[in-house]
Amino acid sequence: MNLFSVEGKSVVVTGGSRGIGLMIATGFAEAGARVYICSRKTDELERAAASIGVTAIPADLSTREGADRFAGEIAGREPKLDVLVNNAGAAWGAPLEDFPENGFDKIWNVNVKGVYYLTVAILPLLRKAAAPDDPARVINIGSVDGIRVPETENYPYAASKAAVHMLTRQLAHRLVKEHITVNAIAPGPFESKMMAFALATDELRQAVADFVPMGRIGRPEDMAGTAIYLASRAGSYLTGAVIPVDGGLSTHG
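What counts and what doesn't
- Residues numbered from 1 in each chain as written.
- Predicted model: local features only at pLDDT ≥ 70, side-chain atom pairs only at ≥ 80, totals over all residues.
- Heavy atoms only, no water.
- UniProt positions renumbered as here; feature names shortened; annotations may be inferred.
- Phe/Tyr/Trp six-rings, centres within 6.5 Å; stacked < 30°, edge-to-face > 60°.
- Buried < 20%, exposed > 50% of the residue type's maximum accessible area, 1.4 Å probe, protein only.
- Salt bridge = Lys/Arg side-chain N within 4 Å of Asp/Glu carboxyl O.
- Helix = DSSP H or I, 4+ residues; strand = E, 2+ residues; numbered from the N terminus.
- Arc of directions from axis to C-beta.
- Contact = heavy atoms within 4.5 Å.
- Pairing = 2+ DSSP bridges.
- Axes fitted to C-alpha atoms, helices over the stretch in contact; angles between N-to-C directions.
- Core = buried A, V, L, I, M, F, W, Y, C linked by side-chain atoms within 4.5 Å.

Per an unreviewed UniProt entry, the protein carries the name SDR family oxidoreductase and comes from Bailinhaonella thermotolerans. Per UniProt, the protein has the following entry under Sequence similarities (unreviewed entry): "Belongs to the short-chain dehydrogenases/reductases (SDR) family."

Right, here's the structure in full:
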């Protein structure tokens, strides 16, 4: 059963020290991939890497220079890259008329520009891994908030994730002839720093779970399994897709 195998593949997971990034990195590591994770917080990053047996590389991907520097670090360690998971993200909530410009800029720099510039910077390594029967893979982490109107006032976050979904489709169209697939995962509620405020008490957690048609928040294997599918032979014919992993939340419209 090698249909879903990612054993021996080289994988980068940005924002891999916690939350959804850590779930994905853990899943790939347990499946036998060679995994690199990055984030800005070195201590947290190194603890996470040690706990799951992967390699930590501190990086700030909110600027083009940071993306180029990180891509260079990977190029110094790997002759090619099989899978890039663009997970690093930021969130910010504020009332409509009070949203600060610096908050908007931070979200856009990390969630959209970071995805774009790292993908471009690491393309040479993806191209070296690309093959007709086993494409190189880019997996962008969007959000259900980029599909449906969220209940919270997170205007630039939701807009940025919708942008990630469209960027995914455009990159997929551009890179498909080079045997590089580009897909996105749009998570619903999962355990993460971004969701901490909504899961802080048993009552809040239950309210979130009750709003999800499947009646629960996401589990680590839900996220890891989808990413592994996209990176495996089973997902090799899929590109330009945005997959909601949200327990049916996006069916609310």
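A. Inspection of the packing of aromatic side chains at higher detail. Following the criterion strictly, the structure yields 2 aromatic pairs and no others. Seen in terms of ring centroids, Tyr 116 and Tyr 117 are 5.1 Å apart; in terms of plane orientation they differ by 80°. Their pairing is edge-to-face. The exposure class of Tyr 117 is partly exposed, given its relative accessible area of 23%.

B. Structural detail: the pattern of salt bridges. A full pass over the atoms with the stated rule returns 10 salt bridges. Across the pair Arg 18 and Glu 44 runs a salt bridge whose closest N-O atoms are separated by 3.4 Å. One end of the pair, Arg 18, is in the loop between β1 (10–14) and α1 (19–30); the other, Glu 44, is in helix α2 (residues 42–52), and 26 residues separate them in sequence. Since its relative accessible area comes to 23%, Glu 44 is described here as partly exposed. Between Arg 205 and Glu 191 there is a salt bridge, with the nearest N and O atoms lying 2.6 Å from each other. Taken together, the positions of Arg 205 in helix α6 (residues 202–211) and Glu 191 in the loop between β6 (180–187) and α6 put the pair 14 residues apart, joining distant regions of the chain.

C. Layout of α2. For α2, the set of buried residues is Leu 45, Ala 48, Ala 49 and Ile 52. Along α2, the residues classed as buried sweep out an arc of 100° about the axis, all on the same side. Among the exposed residues of α2, those pointing more than 90 degrees away from its buried face are Asp 43, Arg 47, Ala 50 and Ser 51. The secondary structure elements touched by the buried residues of α2 are α1, β2 (34–38) and β3 (55–56). In the stretch just after α2, Gly 53 is the one whose phi turns positive, near 75°.

D. Structural detail: the sheet that holds β3. As summarised here, the arrangement of the 7 strands in space is β3-β2-β1-β4-β5-β6-β7, forming an open sheet in which the pairing is parallel. This sheet does not close on itself; its edge strands, each paired only once, are β3 and β7 (242–245). Looking at chain direction, strand β4 (residues 83–86) and strand β5 (residues 136–141) are connected through 4 bridges and run parallel. If you follow Asn 86 over to β5, its bridge partner there is Asn 140. Here helix α5 (residues 155–175) sits on the sheet and contacts β5, β6 and β7; the angle it forms with β6, its principal contact strand, is near 165°.

E. Quick look at the nonpolar core. Core analysis: the largest hydrophobic core is formed by 29 residues, its most contacted members being Ile 24, Phe 28, Val 35, Ile 37, Val 85 and Ile 139. Elements represented by at least two residues in this core include exactly β1, α1, β2, α2, β4, β5 and α7 (220–231). Among the elements that take part in this core, α1 stands out by supplying 6 residues, more than any other. When near neighbours in sequence (up to four residues on either side) are disregarded, Ile 139 contacts Val 83, Leu 84, Val 85, Asn 86, Asn 183, Ile 185, Ala 227, Leu 230 and Ala 231. With 28 residues, the next largest nonpolar core counts Leu 61, Ile 74, Leu 118 and Leu 167 among its residues.

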